[in-house]
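Results of the structural survey
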Amino acid sequence: MKTIYLFIAFATIFISCKEDFLDTVSTDTYNEENFWKTESQLVSAINGCYAVTLNFSSYKINIDNVSPNSYNMSGQVQLAEGKHDPSNESWFTSVWDLNYRGIGRVNNVLAHIDHPDLVISQTIKNRIIGEAYFLRGLFYFELVNLYGGVPLILETPDFYTQKNLPRDSKEAVLTQILKDLDEAARILPPSYTGSDIGRATQGAALALKTRILLYESRWVEAASAAKAIIDLNRYGLFKKAGNTPAQNYRQLFLPANENNQEVIFDIQYSSPDYTHSWNLNLDLQLNIAPLPDLVDSYLASDGKPVGESGVYDPATPYENRDPRLHAAISIPGYLYKGDLIPDTKYYSTGYAYKKYTTYEDDVKYASDVTQSPLNYIYLRYGDVLLMYAEAKNEANDADASVYDALNLIRERAGMPDIPQGLSQTELRNVIRLERRIELAGEGLYYNDIRRWRTAETVMNGPVYNSKGALIQTRSFNKDRDYLWPVSLVTLEQNPTLEQNPNYGK
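The rules behind each value
Residues numbered from 1 in each chain as written. Predicted model: local features only at pLDDT ≥ 70, side-chain atom pairs only at ≥ 80, totals over all residues. Heavy atoms only, no water. Salt bridge = Lys/Arg side-chain N within 4 Å of Asp/Glu carboxyl O. Helix = DSSP H or I, 4+ residues; strand = E, 2+ residues; numbered from the N terminus. Buried < 20%, exposed > 50% of the residue type's maximum accessible area, 1.4 Å probe, protein only. Phe/Tyr/Trp six-rings, centres within 6.5 Å; stacked < 30°, edge-to-face > 60°. Core = buried A, V, L, I, M, F, W, Y, C linked by side-chain atoms within 4.5 Å. pLDDT = per-residue confidence, 0-100. Contact = heavy atoms within 4.5 Å. Polar contact = N/O pair within 3.5 Å; in protein donor to acceptor, adjacent residues only side chain to side chain. Axes fitted to C-alpha atoms, helices over the stretch in contact; angles between N-to-C directions. Left-handed = near helix turned anticlockwise from the far one by under 90°. Nonpolar A, V, L, I, M, F, W, Y, C, P; charged D, E, K, R; others polar. Pairing = 2+ DSSP bridges.

**Remarks on the pattern of salt bridges**
- Within the structure shown, the criterion is met by 40 salt bridges.
- Where arginine 136 meets aspartate 180, a salt bridge forms, and the shortest distance between an N and an O atom there is 2.8 Å. In this pair, arginine 136 sits in helix H4 (residues 122–147) while aspartate 180 sits in helix H6 (residues 170–187), placing the two residues 44 residues apart along the sequence.
- Given a relative accessible area of 3%, aspartate 180 falls into the buried group.
- The salt bridge partner of glutamate 221 is arginine 218, with a shortest N-O separation of 2.9 Å.
- Looking at glutamate 221, the relative accessible area reads 38%, which means it is partly exposed.
- Linked through salt bridges whose partners overlap, the residues forming this network are Glu262, Asp322, Arg324, Lys355, Arg380, Arg410, Arg412, Glu434, Glu438 and Glu442.

Right under this line is the structure:
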């Protein structure tokens, strides 16, 4: 679907307000009077909804800088240190606006899907309806996950009637999200071919539903939704014959293997028009720098913590470790981009992410590639297996299928199986660590520590680099910081909105 964003962008953001000047209708530009006529125009409109997700690159993986996984010396500082307020973090405004932009575009598509002049096949019409419901669910989920209840808008954008809408309850918004996703799962196709690869599928709707139910601790429902994906027999963990475990894990995130069997839904970038700067951010500017707290959490290769392992040697602390460590993180003294990494290169924390860069370990590059078209994987099968295992365990139903799901991931990683017969608490600890390691650098750990209600513990205290030097002191207020504030800009635009607790007026 790299071609999906070749669309007429402004055609997706019409609003219903207009003026009549002798009822003259322009014939050389698109407007409400001449746009909603053909199948290609409607496809362009839904493509414009997908295009909003391209801007997720500005915050999705950076958000782990507000977790024990990574650090940014020049960004997210106020949020990480608990010094944020409704006016001093740009994300509070931009993330709100971005997702409502997507919601407005989706609602506009749905409002015109039955336009009397529209000529479209029923198959394409149904598909676009399903895509629209999926995307609206995604945009609203991004909002309620961070802000709680938000205004629930299901009509075409109209500034004059919608500018002062109050917040709906989180429960009301979640009910609508799940309704949208159920309908999307019912009518979306199981897969696509050709230039349509990358569009929302039945599996994508089920996977997003699983994530939402998991985040809401609706364990039995989450396990059922995850099992429905597993039972599709359409997805699997990415592996190639002849690869080492580290190569399998690393190559899952390289351009050559995009749209592989593990990817359920990703955000499709393409060069030269739709790129991001993650190569620059991760490898040169170190804006998302792994912390020793993350590096130290990787188990030894025998499956034991480094303090208990018989194969771990503190004199060579990066040897005999979970292969995902070197697949995800660049460590001084090891090969990357065709050279051994010098000890002074990663001045921020001592480490850098190679995951979500486009560089190979053993290839020497003539120059740094600052702009990247690498897709961002929003939902993948490895996460579905982890969500299934967590939901089953939290529902106190940890049968053999839970161990099977976890061991599929461990086997791909080259790690020993999970020992059988663990208590619910022991298995919970295994699953939470496995999520941290398997999904490191994917922007999910911040959400995990919030929904587990562990952020108040792990996000309070000093943060050190690999040399033991203090680089930040973090603070997390359990009575405030589990939700973001509604930004001052947003409140000024809509005074009807209520602020989240303990952020002032």
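**Some words on unusual backbone geometry**
- A cis amide bond links serine 271 to the next residue, proline 272, at an omega of 5 degrees.
- For proline 272, the location among the structural elements is in the loop between strand S2 (263–267) and helix H10 (278–284).

**A word on the packing of aromatic side chains**
- Considering all chains together, one arrives at 27 aromatic pairs under this definition.
- Both rings, one in tyrosine 59 and one in tryptophan 91, keep their centres 6.4 Å apart while their planes meet at 65 degrees; by these two values the pair is edge-to-face. With tyrosine 59 in the loop between helix H1 (39–52) and strand S1 (70–71) and tryptophan 91 in helix H3 (residues 91–112), this residue pair connects regions lying 32 residues apart in the sequence.
- On the accessibility criterion, tyrosine 59 (2% relative accessible area) is buried.
- Judged by centre distance (5.8 Å) and plane angle (85 degrees), the ring pair of tryptophan 278 and tyrosine 376 falls under edge-to-face. You can see tryptophan 278 sitting in helix H10 and its partner tyrosine 376 sitting in strand S8 (residues 376–380), a full 98 residues away along the chain.

**What about the nonpolar core?**
- One finds Phe134, Ile329 and Trp484 to be the most contacted residues of the largest nonpolar core, which totals 133 residues.
- At 14 residues, H4 tops the list of elements feeding residues into this core.
- Counting 7 residues, the second-largest nonpolar core is a separate cluster that includes Leu286, Tyr336, Ile341 and Tyr346.

**Observations regarding the confidence of the model for the protein chain**
- Residues with a pLDDT of 70 or more make up 93% of the protein chain, whose mean pLDDT is 93.
- With pLDDT under 50 throughout, residues 5–28 is counted as low confidence; its partners more than four residues away or in other chains account for 42 contacts.

**Concerning the side chain of aspartate 180**
- Of note is the side chain of aspartate 180, whose polar atom sits 2.8 Å from the side chain of arginine 136.
- When residues no more than four places from it in sequence are discounted, the contact partners of aspartate 180 are Tyr133, Arg136 and Gly137.

**Considerations on the environment of serine 67**
- Looking at the secondary structure, you find serine 67 in the loop between H1 and S1.
- When its relative accessible area of 0% is taken as the criterion, serine 67 is described as buried.
- For the pair serine 67 and lysine 209, spaced 142 residues apart in sequence, the C-alpha separation works out to 24 Å.
- The residues contacting serine 67, other than those within four sequence positions of it, are Leu291, Tyr445, Tyr446, Ile449, Met459 and Arg474.
- A distance of 2.7 Å separates a polar atom in the side chain of serine 67 from the backbone oxygen of aspartate 64.

**Quick notes on the packing of helix H14 (residues 400–413) against helix H15 (residues 424–438)**
- Two elements in contact, H14 and H15, have axes whose closest approach is 12 Å; the angle formed by their N-to-C orientations is 35 degrees. Considering how the two elements wind past one another, H14 and H15 form a crossing that is left-handed. Mapping the contact onto sequence places Val402, Tyr403, Leu406, Ile409, Arg410 and Arg412 in H14 and Leu427, Ile431, Glu434 and Glu438 in H15.
- In terms of residue class, the contact of H14 with H15 is built from 6 nonpolar, no polar and 4 charged.

**Quick look at the pairing of strand S10 (residues 470–474)**
- Summarising the sheet, strand S9 (residues 461–464) and S10 pair through 4 bridges and their orientation is antiparallel. Looking at the pairing, glycine 461 lines up with arginine 474 of S10.

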